[in-house]
Structures are given as C-alpha cells and as structure tokens.
Amino acid sequence: GGVRSTCEHPDYAFPVLVNQHLPAGARGLVLAAVLAAMMSTLASAFNSSATLFTMDLYARARPQASPGEYVRVGRLATMGLAVVSMLWVPMIERLGESVYVYTQMANAVLAPPVFALFLLSLLVPSLNAAGGLLGMGLGHFVGLLRLTMCVLRGGCAVA
C-alpha cells in the first residue's frame, strides 16, 4: 500500500495549482521563489562537487599548482558537471515516472552506503579509513550501476 494518485502527470500538479488558484502577483512571487531555490541548489551542488574534485583529487595529483590553476580547474570541473547533468536529463525522462520518483530512486541508491558506513563506524571500533572508503566506493558503484540499469530499462520495481 501507499497512496496512489489518479493524476495522469503528477509533475504538473504544482504548476496547475499555482496557475489556477493564485492571483497574478502571487504567481510571480512563487515563480521567483522556485527559480531562486533551484538556482541556489544547483549552484551549491556544482560548487561543492567542483571543490571536492579540485581539492581532493587535483591538488593531491599536483600539489605544486598555483591558486590560479586551482581556480581554472574548478571552473572546468563545474562546466563538466553542468554538461554531464544536461546529458543525463533524457535518461531521467526515459523512466516515464515523475521527477519526484526519480529523485527518490537516486536517494535510495546513494543513501544506503553512507548510512552503512555511519552505522559500522559506530558499531565496529576496528573500522579504518581505507575499509570505509572501499566500502563506500563499492556501495556507490553498485548503487549507480543499479540506477543506470533502471534508467536504461525505463523503470525499476521498487519493493
């Protein structure tokens, strides 16, 4: 069980609600708020990812690089992430589900390795950084492989 919607396109629920039930001024305010939230979320995700790439990978490979070089690499990493994100959108559309369902699928893939590492670090005192990193990497690899297979098949049964 769970609540099933009879709405043919659940992604349209919010836009229809805003268009049909809010006055013109409030619609503009809601649109501005949604766009600001979306831009903030994307900017923080791209910035964090580019920083992780630049400081954790590139800086270790080239510790003698100048700060200007780190900035250039960070900008290139951000552009690369933006391109990969845009190329991934058609894959999301292949699922035929709502964006919310896809987001929940992605969270279901990415969250378990993080939770398992957190739980094991509390329960197993002998867990070291190398084991944790290996477990996290393998968990994410298997999860992303599953998500990719779901997208390529056009959906996944969620049990």
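Notes on the structure in this doc start here.

Parameters at a glance
- Residues numbered from 1 in each chain as written.
- Predicted model: local features only at pLDDT ≥ 70, side-chain atom pairs only at ≥ 80, totals over all residues.
- Heavy atoms only, no water.
- Salt bridge = Lys/Arg side-chain N within 4 Å of Asp/Glu carboxyl O.
- Buried < 20%, exposed > 50% of the residue type's maximum accessible area, 1.4 Å probe, protein only.
- Helix = DSSP H or I, 4+ residues; strand = E, 2+ residues; numbered from the N terminus.
- Expected span 1.5 Å × (residues − 1).
- Bend = angle between axes of the 7 residues up to and from the residue.
- Contact = heavy atoms within 4.5 Å.
- Axes fitted to C-alpha atoms, helices over the stretch in contact; angles between N-to-C directions.
- Parallel < 35°, antiparallel > 145°, perpendicular 65-115°, else oblique.
- Left-handed = near helix turned anticlockwise from the far one by under 90°.
- Nonpolar A, V, L, I, M, F, W, Y, C, P; charged D, E, K, R; others polar.
- Core = buried A, V, L, I, M, F, W, Y, C linked by side-chain atoms within 4.5 Å.

### Things to note about the pattern of salt bridges
Scanning the model with the defined rule gives one salt bridge in all. Arg-62 is the salt-bridge partner of Glu-69, the closest N and O atoms lying 3.2 Å from each other. On the accessibility criterion, Glu-69 (16% relative accessible area) is buried.

### Examining helix H2 (residues 24-61)
Spanning 38 residues, H2 covers 54 Å between terminal C-alpha atoms, matching the ideal 56 Å at 1.5 Å per step. A bend of about 25° at Thr-54 is the largest found in H2. Listing the buried residues of H2 in full gives Ala-50, Thr-54, Tyr-58 and Ala-59. Where H2 is buried, its residues contact helix H3 (67-94).

### Considerations on the packing of H3 against helix H5 (residues 129-153)
Helices that pack against each other are described as a pair by the angle of their axes relative to one another and the distance between those axes. The geometry of H3 relative to H5 is characterised by a closest axis approach of 7 Å and an angle of 65° between their N-to-C directions. Accordingly, the angle class assigned to the pair H3 and H5 is roughly perpendicular. Note that H3 runs across H5; the crossing there is left-handed. Across the interface between the two elements, Trp-88, Met-91 and Arg-94 of H3 pack against Thr-148, Val-151 and Leu-152 of H5.

### Digging into the packing of H2 against H3
Where H2 meets H3, the closest approach of the two axes is 8 Å, and the angle between their N-to-C directions is 130°. As the angle between them shows, H2 and H3 are arranged oblique. Seen from above, H2 lies across H3 with right-handed handedness. For the pair formed by H2 and H3, the contact residues are Phe-46, Ser-49, Ala-50, Phe-53, Thr-54, Tyr-58 and Ala-59 on the first element and Glu-69, Tyr-70, Val-73, Gly-74, Ala-77, Thr-78, Leu-81, Ala-82 and Ser-85 on the second. In terms of residue class, the contact of H2 with H3 is built from ten nonpolar, five polar and one charged.

### Details of the side chain of Thr-54
Mapped onto the fold, Thr-54 is located in helix H2. Assessed through its relative accessible area of 4%, Thr-54 is described here as buried. Contacts of Thr-54, omitting those with residues within four sequence positions, involve Ala-59, Tyr-70, Val-73 and Gly-74.

### A closer look at the nonpolar core
Generally speaking, a soluble globular protein has its nonpolar side chains buried in company with each other. Core analysis: the biggest nonpolar cluster contains seven residues, these being Tyr-102, Met-105, Ala-106, Val-109, Leu-147, Cys-150 and Val-151. Listed by contribution, the elements that provide at least two residues to this core are helix H4 (99-123) and H5. Counting residues per element, this core draws most heavily on H4, which supplies four residues. Among the nonpolar cores identified, the runner-up in size contains five residues, and Tyr-58, Ala-59, Ala-65 and Tyr-70 belong to it.

Remember, this is a structural readout, not a statement about activity or role.
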